[in-house]
Amino acid sequence: MTSNTLQFKTNFAVSSKIEPFYKGGKVQISKDGKYIFCTCGTKVNILDVATGRVSHSIEQDDQEDITSFTVSPDDEILVTSSRALLLKQWDWRENNCTRTWKAIHTAPVASMTFDPTSTLLTTGGCDSTIKVWDVVKQYCTHNLKGSSGVVHVVEFHPDISRLQLFSSSMDCKIRIWDLKSSKCVSVLESHYSAVTSLSFTPDGNTLVSSGRDKICTVWDLKTKTPTRTVPVFETVEAVVLLPKQGDFSKLGVKSKEPHFITAGSKGVLRVWEASTARCVFTQTVPARPQPVEVGGGEEPDEHSLTHCLLLPATNQIATVTAEHNFLLSDLYTLVLEQQFVGYNDEVLDVKFLGPADSHIVVATNSPQLKVFDLATSNCQILHGHSETVLALDVFRTGSMFASCAKDKTISVWQMNIETGVVCCVAKGSGHANAIGSISCSRMKQSFVVSGSQDCTIKVWDLPESLETRGGSPEVLHARVTEKGHDKDINSIAISPNDKLLATGSQDRTAKLWSSADLSLLGVFKGHKRGIWCLQFSPMDQILASSSADGTVKLWGLQDFSCLKTFEGHDASVLKVIFVSRGTQLLTSGSDGLLKLWTIKTNECVKTVDAHEDKIWGLHGNKKDDLVVTGSADSCITLWKDVTEIELAEEQAKQEDQVIKQQELSNLLHEKKYFKAMGLAISLNQPHTVLMVIKGILANEDGTEQLEKTILKLRRDQTESVLRFCGVWNTNARNCLEAQAVVQVLLQHESPEELLQYSGVRAALEGLLPYTERHFQRISRLLQASMFVDYMWQNMRLTGNASCGENQDEEMEDSSLGGPAPSFTIDPNPSMGLDSEGGDSARLEEAERQGRGEVEEEEESSQQEDVESDDDDVSAANKGVKSRQVGSPEEGKENIEPESGSEGGSDSEEPMDERENEEQKLVRRETEARPEKMTAGNQAETQSATPRTRVMRLRR
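Residues numbered from 1 in each chain as written. Predicted model: local features only at pLDDT ≥ 70, side-chain atom pairs only at ≥ 80, totals over all residues. Heavy atoms only, no water.

## Here we look at the packing of aromatic side chains
Stated formally: By convention, a stacked pair of Phe, Tyr or Trp rings (six-membered ring in the case of Trp) has centres within 6.5 Å and planes under 30 degrees apart, an edge-to-face pair has planes over 60 apart, and any other such pair is tilted. A helix here means a DSSP run of H or I that spans at least four residues, while a strand means a run of E at least two residues long, and both kinds are numbered starting from the N terminus. Relative accessibility thresholds used throughout: buried, under 20% of the residue-type maximum; exposed, over 50%; partly exposed, between the two (1.4 Å probe, protein chains only). In this scheme, Lys NZ or Arg CZ marks a charge over a ring once it lies within 6 Å of the ring centre and within 35 degrees of the ring normal.
Per the stated rule, a full pass over the model turns up 13 aromatic pairs. Seen from their ring centres, Phe 566 and Trp 597 are 5.6 Å apart, and the 65° between their planes marks the pair as edge-to-face. Linking Phe 566 in strand E50 (residues 562–567) with Trp 597 in strand E53 (residues 593–598), this pair joins segments that are 31 residues apart in sequence. Among the residues examined, Trp 597 registers a relative accessible area of 2% and is labelled buried. By way of ring pairs, the aromatic residues Phe 21, Tyr 22 and Phe 326 are connected into one cluster. Directly above the aromatic system of Phe 69 lies the positively charged group of Lys 26, at a separation of 5.6 Å from the ring centroid.

Here it is in structure tokens:
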């Protein structure tokens, strides 16, 4: 599409998605550091670290929640446990379940792990038992009892030759199990709260344990005694020992003594020296200030860390926060390198960000803002608000945006174009209630307008030096404040020239204001429920509004009248934007639907089932080819305009169809039936396939050629032909071809093979009733044709025997002359010839019946013609037998008056007209059955007079 040509959009397709992939539970990382395994309800999601996308998803067939899982050290085997008390072994790369067995536990499995050789698997259950499994030989090797409560930690000793297993349960004790004797050989007691993790030194002689009692304990495994208790002053969820190799001088490591890293409720990583119990390094997070102790040193839950994992292959350390965010930091500096969001909660607003729209900023149901890099899904978490962020808006340049929240403040954020780092540059406060809407100036980064639940509108001017300002955020003050509505203000929009602004409220009205002094210019009334969104047209003086009444309205800014109303949503319309240079609208509703409208025709061009819940966020990029939506179902979807792609595909498809049609015509002309049939099947043209089959059967050896052609077809082509046969068989004209194809398949395919065909049952159900009907029709036709042939042969014999007897009579009556019909059927053979004119009346009746039968023969099918001929012959036979009862004299007396041109009753027709009708009847009888008439019969018929033929028939 050229820049000067406007083309309406017709469809949007999903380009990419940011979906929740972690909702709490165990997390594990592959040995090579490329994949992150995490639970999400009934699934185990496998995240590709390079792209930030879910590459695999392992889901339970029984739809039961997964309670625990583990990956073998060689990254080959994944084992999951569910509430159904089943263990499943997976080939996770192929997404294939290779084995399922009962866990034998009487309660769900709470923890599991592999030994270093990837051959032994141990499971700790909620039933206080521990079981060890040999995954190679597939049997349970040990059943260890003695723990108290849920066994939530199990670990093998890194030296497999010792065959030792460590476990911890709700009694806060660490038990050491000897797998050779299946007994507990030692109990380590030091913690007064639940033990959360165990970490071994590479030599296997030292163990570090962490607990929620805010201490870490260093154990000497040779003497089974604690050598140091380290108070960390926070609830520790994970502890990791630093490897001996590597330069950790930037972390304060100056000796070769063991050092470990703790992750806990304060939300930062800290490095401790085991021998001195001293903290040598504390991680700093640039994205938020240093945590402040609250209530005895506890940090709010959203800042705490729940997991900490070492990635030696990539020299990284991974942590997981209570808000389900994954943080990958450099192992030697603890500097944050990557961040993934496992769960976004309810998305309240979303906007494109960056000069090239390379990022999106998302407001979720939390005080933090999330900025996603669309290429890598890497996320920055922005801390600036203390309560839930409700709305966002981006300046025209794309590098600066504003946010508002329930904490009654607004914030202005600046993005560093080179590094992509976002920081807060200004903050403003002054509203008396939560701020639900915000809008930025369009031409310059000069001011921001906010609307609050306190029903007021505020205009905030931005200083010119704001972009280059560093350090602490600038404090903003409202230049103008105005009470705008009687209820909450849900939306604010600023015109493209920055001179006007519009507000939409829950009071069902929209108002137009001057941005300079907030003077009221007009009121838009017409919606029946509250207004959710307003948007100015980029090309015309038009304002679009969406409402909870399910409609979208266009308003004229000159007279404030409603120009158009778009109805189609069954629920509230939450967002509306202009696309295609202001000629189309894109709307999102609380029913999860996305609708595309053409303004000129008031027509809904496309409806997309985009989300499973309310779509609160909707925004388009500068190029007008991408749209992003955010929903309450925690999904963020990028939609790509595929109008041009679909148009190009359609044109290419049409061109390909034309080429194939020409090729098909050439093949048919050259009588290359096999190739023609294959091409016709690929084009899905049943009629052409039928013509090909008829062409094959028209040859002398058509049956053999058809058999060879059908057997050469591929399986899918044969299935298509069988499906076509069901359609052909419904028509009597095409049933023979359909039956020929079916016969070939039945002769060369066994019933078992035919049942493997796709759609064979439906095809058979369509073939059977019509095949039975065709069989019955052909059976009746065969019987009727055999009866007609039999009667015709008998009539020929009778006619030859009486030829000599009637020769004298024929010569006497030869004066009448002229061709006449061979037979005249007497409709009343039982009546005598006593009454005067009776014979002539019966003759006229026979002539009329003959004329009627001729007309019926012209309109009916060949089968009906045969049946009528049978009736004629039987009636003629009856007439002959009945006429033989009367005397010759009576017949002669009655026939002679009819032969004259005068006399008889008034109803009688003239003789010459009757003769003409009889001649026509004879001619049609002769043309209908030329093969049944011999040369002698034809000469006899032409020379006979009507009277003679009637007399012959009577005999």
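Following the structure, the description resumes.
## Details of the nonpolar core
Buried together is how nonpolar side chains tend to be arranged in soluble globular proteins. So the rule is basically this: Nonpolar cores are built from buried Ala, Val, Leu, Ile, Met, Phe, Trp, Tyr and Cys residues. Side-chain atoms within 4.5 Å join them into one set. Two residues form a contact once any of their heavy atoms are found within 4.5 Å.
The biggest cluster of nonpolar side chains holds 33 residues, and the ones touching the most others in it are Met 677, Val 689, Ile 710, Cys 725 and Trp 728. Looking at this core, the elements that each hand over two or more residues are helix H1 (643–669), helix H2 (673–682), helix H3 (686–697), helix H4 (702–712), helix H5 (715–728), helix H6 (735–748) and helix H8 (760–801). Not counting chain neighbours up to four residues away, the residues in contact with Met 677 comprise Val 689, Val 692, Ile 693, Ile 696, Thr 709, Ile 710 and Leu 713. Ile 410, Ile 435, Ile 438 and Leu 466 belong to the second largest nonpolar core, which has 17 residues in total.

## Here's the deal with unusual backbone geometry
A positive phi angle, close to 65°, is found at Gln 138, a residue other than glycine. Relative to the assigned elements, Gln 138 resides in the loop between strand E12 (129–134) and strand E13 (139–145). The class for Gln 138 is partly exposed, based on a relative accessible area of 46%. The phi torsion at Asp 345 lies on the positive side, around 60°, for a residue other than glycine.

## So, the side chain of Gln 28
Test applied: Each polar contact in these results corresponds to two N or O atoms within 3.5 Å; when the atoms are within protein, one needs to be able to donate a hydrogen and the other to accept it, and residues that are neighboring in sequence are counted only if both atoms are side-chain atoms.
With respect to the secondary-structure elements, Gln 28 resides in strand E2 (residues 27–29). Classification of Gln 28 as buried rests on a relative accessible area of 17%. A distance of 3.0 Å separates the side chain of Gln 28 from the backbone oxygen of Val 71, its partner in a polar contact. Aside from chain neighbours lying at most four places away, what touches Gln 28 is Tyr 35, Ile 36, Phe 37, Phe 69, Thr 70, Val 71 and Leu 309.

## Thoughts on H6
Put simply, the test is: Here the expected length of a helix is defined as 1.5 Å per residue gap, with one fewer gap than residues.
Taking 1.5 Å of rise per residue, the 14 residues of H6 would be expected to cover 20 Å, and the 20 Å separating its terminal C-alpha atoms lies within 8% of that figure. Turning to H6, its buried residues number three or more, namely Cys 735, Glu 737, Ala 738, Ala 740, Val 741, Val 742, Val 744 and Leu 745.

## Things to note about the pattern of salt bridges
Spelled out, the test is: Criterion for a salt bridge: a side-chain nitrogen of Lys or Arg within 4 Å of a carboxyl oxygen of Asp or Glu.
Counted according to the given criterion, the structure contains 15 salt bridges. Asp 171 is paired through a salt bridge with Arg 175; the nearest N and O atoms lie 2.7 Å apart. The residues Asp 171 and Arg 175 share a single accessibility class, namely buried. As a salt-bridge pair, Arg 278 and Glu 273 come within 3.2 Å of each other at their nearest N and O atoms. Taking the relative accessible area as the measure of exposure, Glu 273 reaches 8% and is therefore buried. Three or more residues are tied together by salt bridges with common partners; here these are Lys 9, Asp 624 and Asp 641.

## Topic: the environment of Gln 756
Along the chain, Gln 756 falls in the loop between helix H7 (751–755) and H8. Accessibility expressed as a relative area gives 58% for Gln 756, which makes it exposed. Each C-alpha atom, one on Gln 756 and one on Glu 719, is 10.0 Å from the other, the two residues being 37 residues apart in sequence. Those residues in contact with Gln 756, other than ones at most four positions away along the chain, are Arg 715 and Glu 719.

## Structural notes on H1
Between its terminal C-alpha atoms H1 stretches 39 Å, which fits the 39 Å expected from 27 residues at 1.5 Å a residue. Taken together, the buried positions of H1 are Thr 643, Leu 664 and Leu 667. Where H1 is buried, its residues contact strand E57 (636–641), H2 and H3. Count one or two residues on from H1 and you reach Lys 671, which has phi positive near 60°.

## Description of the pairing of E12
Put simply, the rule reads: At least two bridges found by DSSP between two strands are what make those strands a pair.
Taking burial as the measure, the six residues of E12 include six buried ones, the bulk of the element. Residues Thr 129, Lys 131 and Trp 133 line one face of E12 and the alternating positions Ile 130, Val 132 and Asp 134 line the opposite face, and both faces are buried. Bridge count between strand E11 (residues 120–125) and E12: five bridges; the pairing is antiparallel. Its bridge partner being in E12, Gly 124 is matched across the sheet by Ile 130. In textbook terms, the turn of a hairpin is the stretch between consecutive antiparallel strands, and for E11 and E12 this stretch comprises three residues, one of which, Ser 128, has a positive phi near 70°.

## Digging into the sheet that holds strand E43 (residues 489–494)
Applicable threshold: The axes used here are C-alpha line fits, helices contributing only the stretch in contact, and every angle between their N-to-C directions lies in the interval 0 to 180 degrees.
Spatially, E43-E44-E45-E46 is the arrangement adopted by the four strands of the open sheet, whose pairing is antiparallel. Edge strands, defined here as strands with exactly one partner in the open sheet, are E43 and strand E46 (520–525). The average angle at which neighbouring strand axes cross in this sheet is 20°, direction not considered.

## Describing the sheet that holds strand E40 (residues 456–461)
Overall, antiparallel pairing links the four strands, which are arranged E38-E39-E40-E42 in an open sheet. Among the strands making up the open sheet, the edge pair consists of strand E38 (435–440) and strand E42 (478–483). Strand-to-strand, the axes of this sheet are offset by a mean angle of 20°, without reference to chain direction. Relative to E40, strand E39 (residues 447–452) runs antiparallel, the two sharing five bridges. If you follow Phe 447 over to E40, its bridge partner there is Asp 461.

## A few points about the pairing of strand E48 (residues 542–547)
Burial runs high along E48: six of the six residues are buried. Alternating residues of E48 divide into Ile 542, Ala 544 and Ser 546 and Leu 543, Ser 545 and Ser 547, and every residue in both groups is buried. When strand E47 (residues 531–536) meets E48, the two strands line up antiparallel, connected through five bridges. Of the residues in E48, the one forming a bridge with Leu 534 is Ser 545. Connecting E48 to the next strand, strand E49 (residues 551–556), in antiparallel fashion are three residues, including Gly 550 with a positive phi near 85°.

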